[in-house]
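# Residue-level structure breakdown
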Amino acid sequence: MSNAMPAFRGNTDVSQTTRIRTSGELNQEDEPGLFSREELRTFAADDADAGRHIGKILSALFIYTLIAMSVATWWTLRTIGH
């Protein structure tokens, strides 16, 4: 057996089950959410704002690339043409 693949030594007992609590079993004593609704709204607004800024940056870089490649193409064709 390869050193990269260690032997499996886990438990293969299929009878083990996990218990998932349903919404009816949740009560008021459970831990509250980490953030309030207002904080979640603020996070969503900040996220949307960041997405708009990233979109503007990517658009500007794309336009810059088009302009730079156009100038390089024009210069190359002008140099080869003479």
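Residues numbered from 1 in each chain as written. Predicted model: local features only at pLDDT ≥ 70, side-chain atom pairs only at ≥ 80, totals over all residues. Heavy atoms only, no water.

## Observations concerning the overall build of the protein
Scanning the protein from terminus to terminus reveals one helix and zero strands. Surface summary for the protein: the accessible area is close to 8300 Å², and the carbon and sulfur share equals 62%. (Helix = DSSP H or I, 4+ residues; strand = E, 2+ residues; numbered from the N terminus. Areas by Shrake-Rupley, 256 points an atom, 1.4 Å probe, with all protein chains shown as cover.)

## Looking at the packing of aromatic side chains
In the structure shown here, the tally under the stated rule is one aromatic pair. Ring geometry for Phe-35 and Phe-43: centres 5.0 Å apart, planes at 85 degrees, overall edge-to-face. (Phe/Tyr/Trp six-rings, centres within 6.5 Å; stacked < 30°, edge-to-face > 60°.)

## Thoughts on a nonpolar patch on the surface
Together, Phe-62, Ile-63, Leu-66, Ile-67, Val-71, Trp-74 and Trp-75 line one region of the surface with nonpolar side chains, adding up to about 790 Å² of accessible area. Take Ile-63: its relative accessible area is 47%, and that puts it in the partly exposed class. (Patch = residues over 30% accessible without salt bridge, like charges linked within 9 Å, V, L, I, M, F, W, Y side chains within 5 Å. Salt bridge = Lys/Arg side-chain N within 4 Å of Asp/Glu carboxyl O. Buried < 20%, exposed > 50% of the residue type's maximum accessible area, 1.4 Å probe, protein only.)

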